[in-house]
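Examination of the molecular architecture
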Number of protein chains: 2
Amino acid sequence: MQFTSEQRLDDGVLEREFTLGEIPGILWTPKSASAPAPLILVGHPGGLHMMYPRLAARARHAAAEGFAAATIELPGSGDRPRSAAAEQARADLRRALDAGEPVDDEIVDRLVLPLVEKAVPEWRAALNALLSLPEIDGPVGYSGGVIAIGIRLAVVESRISAALLFAGSFVPRTMFEEARQVTIPLQVLLQWDDEGNDRQLALDLFDAFGSKEKTLHANMGGHTGVPQFEGDDGNRFFARRLQ
Amino acid sequence: MQFTSEQRLDDGVLEREFTLGEIPGILWTPKSASAPAPLILVGHPGGLHMMYPRLAARARHAAAEGFAAATIELPGSGDRPRSAAAEQARADLRRALDAGEPVDDEIVDRLVLPLVEKAVPEWRAALNALLSLPEIDGPVGYSGGVIAIGIRLAVVESRISAALLFAGSFVPRTMFEEARQVTIPLQVLLQWDDEGNDRQLALDLFDAFGSKEKTLHANMGGHTGVPQFEGDDGNRFFARRLQ
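First, a word on scope: everything that follows refers to the structure included in this document. Given the structure is predicted, the values throughout are model-derived calculations rather than measurements.

What follows is about the overall build of chain A. What chain A contains, in helices and strands, is seven helices and nine strands. With the C-alpha coordinates aligned to their principal axes, the bounding extent of chain A is approximately 55 × 40 × 30 Å. With 243 residues in all, chain A has 54% of them scored as buried. Within chain A, contacts between residues at least 6 apart in sequence are counted, and of these 67% link residues at least 24 apart. Summing over all exposed atoms, chain A offers an accessible surface of approximately 10600 Å²; the carbon and sulfur share of this is 51%. Within chain A, one finds 24 positive and 34 negative side-chain charges whose respective centroids are separated by 3 Å.

The following block contains the structure:
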């Protein structure tokens, strides 16, 4: 892990860009770091540059509550090499959505399963590197982004103690079985009228999670309409579950 | 409205019992009452004495955030005269539930519709009396209890600005049309495995509400298993919506 830039933001949060091998990432640490901070992995749909304003806002919000926050670029997104198969799957998905057709499971599988397979080991490698820094300690939470990545991480990565998942992207049906294996505390966000997301599938997924402690927060509006107060609620969820 | 008893609780909250005609009720006002407090009407399933510990806990929790809180006994509950028709409907409901049978709409109608018809004017009369007290002012929120009463109040009582509804009791199908007329901000609590409540009906009801700002909080567990943190979340909802 190599830090490539460093800036102190106006709220005192230290923002550092890094690379982990060829993968770019960003780390935010709280202003006052007298003790090692617990860590929140900040998920996203891919494209660090485009997502930066929202990612930085979420990270600074978390840092204000004493959390470090970090993210890495997804495979095939941003400046990382494209995968022809993923691009094809994405184009097929877009065509189905634009035509108002139901999305074939087969397209979802082609799009999401390889992404999960590639991304999850990268997030785990990032976790290794991040937890070796003196200013960061466990426990670790995972927040948002591609929900299928969050599910797989929650199952295979025992250092993740709680997850805030956004039911706003496609989940391969085979992953419902993995969802049953999740046991950590969950908070699941659902946009009730998410134009690109099947509400009933999201409710079925919430039902499937094996966690005894799981909470669903459903709000009105489309994919990008998550109310601001859910940021505070998310912080409180992690404060409850990571302490 | 006649106050019949008064005690200062150990957290400084003033608890006063009152009668409004033949209807008993309880009013809690915050310790420091420099300005008139906004009011939360605390709903319940009937039986003030039996419900007192939980009602007082909710009221004191709200008072700690600066809200006054008040409740009245429901028709046919506690020390109030029983209705033979309501008792019969309750017995029929219990028999169906005990037998594991689906509950006929006809039973729900017989049980809930007359209760709504009688209770709602009483809560509005209580609101008149409470808002005439110098220590209480608007805005007003309604919290919990029989959800059908909350729906009707939200439609007909324009002084109620926000409602926290518990989707844990039967709603006559005819009231779904009323739910569409609700426009105030809502937070709806749902216990995912509520033994006496139909989850899909509750989700349909949430969908039906006409409010642009509505949030569903679903948690694991049965009817009485609402997590403690939902009390804080409820306070924050009212703080957001009543100020």
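A rotation about an axis combined with a shift along that same axis relates the two copies of the chain. Turning chain A through 180 degrees and shifting it by 0.0 Å along the axis lays it on chain B, with an RMSD of 0.0 Å. Such values leave the two copies arranged in the relation of a two-fold axis. Among all C-alpha atoms of chain A, that of H217 of chain A lies closest to the rotation axis, at 2.4 Å.

Further remarks concern the interface of chain A and chain B. Between chain A and chain B, the residue contacts involve 21 residues of the former and 21 residues of the latter. Interface area, chain A with chain B, both sides summed: about 1700 Å², of which 56% is carbon and sulfur. Taken as a group, W192, M220 and F229 of chain A account for 29% of the area that chain A buries against chain B, more than any other trio of residues on that side. At the boundary of chain A and chain B, one finds two salt bridges. The closest approach of N and O atoms between R199 of chain B and D207 of chain A, which form a salt bridge, is 3.3 Å. In this assembly, chain A and chain B are joined by nine residue pairs in polar contact (both at pLDDT 80 or more). At the level of elements, helix 6 (199-208), strand 9 (214-219) and helix 7 (229-241) of chain A are the ones that each hand at least two residues to the side of chain A that touches chain B.

All names here are of chain A. Inspection of every chain in the model, using the stated rule, returns 39 salt bridges over all chains. One salt bridge in this structure joins E135 and R16, with 2.7 Å as the shortest N-O distance. Of the two residues, E135 sits in the loop between helix 3 (105-131) and strand 6 (136-144) while R16 sits in strand 2 (residues 14-20), which places them 119 residues apart along the sequence. Each of D92, R95, E106 and R110 takes part in salt bridges that share partners, so that together they form one network.

This part is about the nonpolar core. With 125 residues, the main nonpolar core has I149 of chain A together with I149 of chain B as its most contacted residues. When sequence neighbours within four positions are dropped, the list of residues in contact with I149 of chain B reads L74, L115, V116, A119, V120 and Y142 of chain B.

What follows is about the packing of aromatic side chains. Under the defined criterion, the tally for this structure stands at ten aromatic pairs over all chains. For the ring pair W123 of chain A and Y142 of chain A, a centre distance of 5.9 Å and an interplane angle of 80 degrees mean the geometry is edge-to-face. With W123 of chain A in helix 3 and Y142 of chain A in strand 6, this pair connects stretches of sequence that are 19 residues apart. Classification of Y142 of chain A as buried rests on a relative accessible area of 2%. Stacked on the ring of F206 of chain B, the Lys or Arg K214 of chain B has its end atom at 5.2 Å from the ring centre.

What follows covers the packing of helix 3 (residues 105-131) of chain B against helix 4 (residues 147-156) of chain B. Residues and elements named next belong to chain B. The geometry of helix 3 relative to helix 4 is characterised by a closest axis approach of 9 Å and an angle of 50 degrees between their N-to-C directions. By the angle between their axes, helix 3 is oblique relative to helix 4. Two packed elements cross with a definite hand, and for helix 3 against helix 4 that hand is right-handed. Across from V112, L115, V116, E117, A119, V120, W123 and R124 in helix 3, the residues of helix 4 making contact are A148, I149, R152, L153 and V156. Class assignment for the residues of the contact of helix 3 with helix 4 results in ten nonpolar, no polar and three charged.

Calculation notes
Residues numbered from 1 in each chain as written. Chains lettered and ligands numbered in written order. Predicted model: local features only at pLDDT ≥ 70, side-chain atom pairs only at ≥ 80, totals over all residues. Heavy atoms only, no water. Helix = DSSP H or I, 4+ residues; strand = E, 2+ residues; numbered from the N terminus. Buried < 20%, exposed > 50% of the residue type's maximum accessible area, 1.4 Å probe, protein only. Contact = heavy atoms within 4.5 Å. Areas by Shrake-Rupley, 256 points an atom, 1.4 Å probe, with all protein chains shown as cover. Lys, Arg positive; Asp, Glu negative; His and termini not counted. Charge placed at Lys NZ, Arg CZ, Asp CG, Glu CD. Least-squares fit on C-alpha atoms with pLDDT ≥ 70 in both. Buried area = accessible area lost by both parts, 1.4 Å probe. Salt bridge = Lys/Arg side-chain N within 4 Å of Asp/Glu carboxyl O. Polar contact = N/O pair within 3.5 Å; in protein donor to acceptor, adjacent residues only side chain to side chain. Core = buried A, V, L, I, M, F, W, Y, C linked by side-chain atoms within 4.5 Å. Phe/Tyr/Trp six-rings, centres within 6.5 Å; stacked < 30°, edge-to-face > 60°. Lys NZ or Arg CZ within 6 Å of the ring centre and 35° of its normal. Axes fitted to C-alpha atoms, helices over the stretch in contact; angles between N-to-C directions. Parallel < 35°, antiparallel > 145°, perpendicular 65-115°, else oblique. Left-handed = near helix turned anticlockwise from the far one by under 90°. Nonpolar A, V, L, I, M, F, W, Y, C, P; charged D, E, K, R; others polar.

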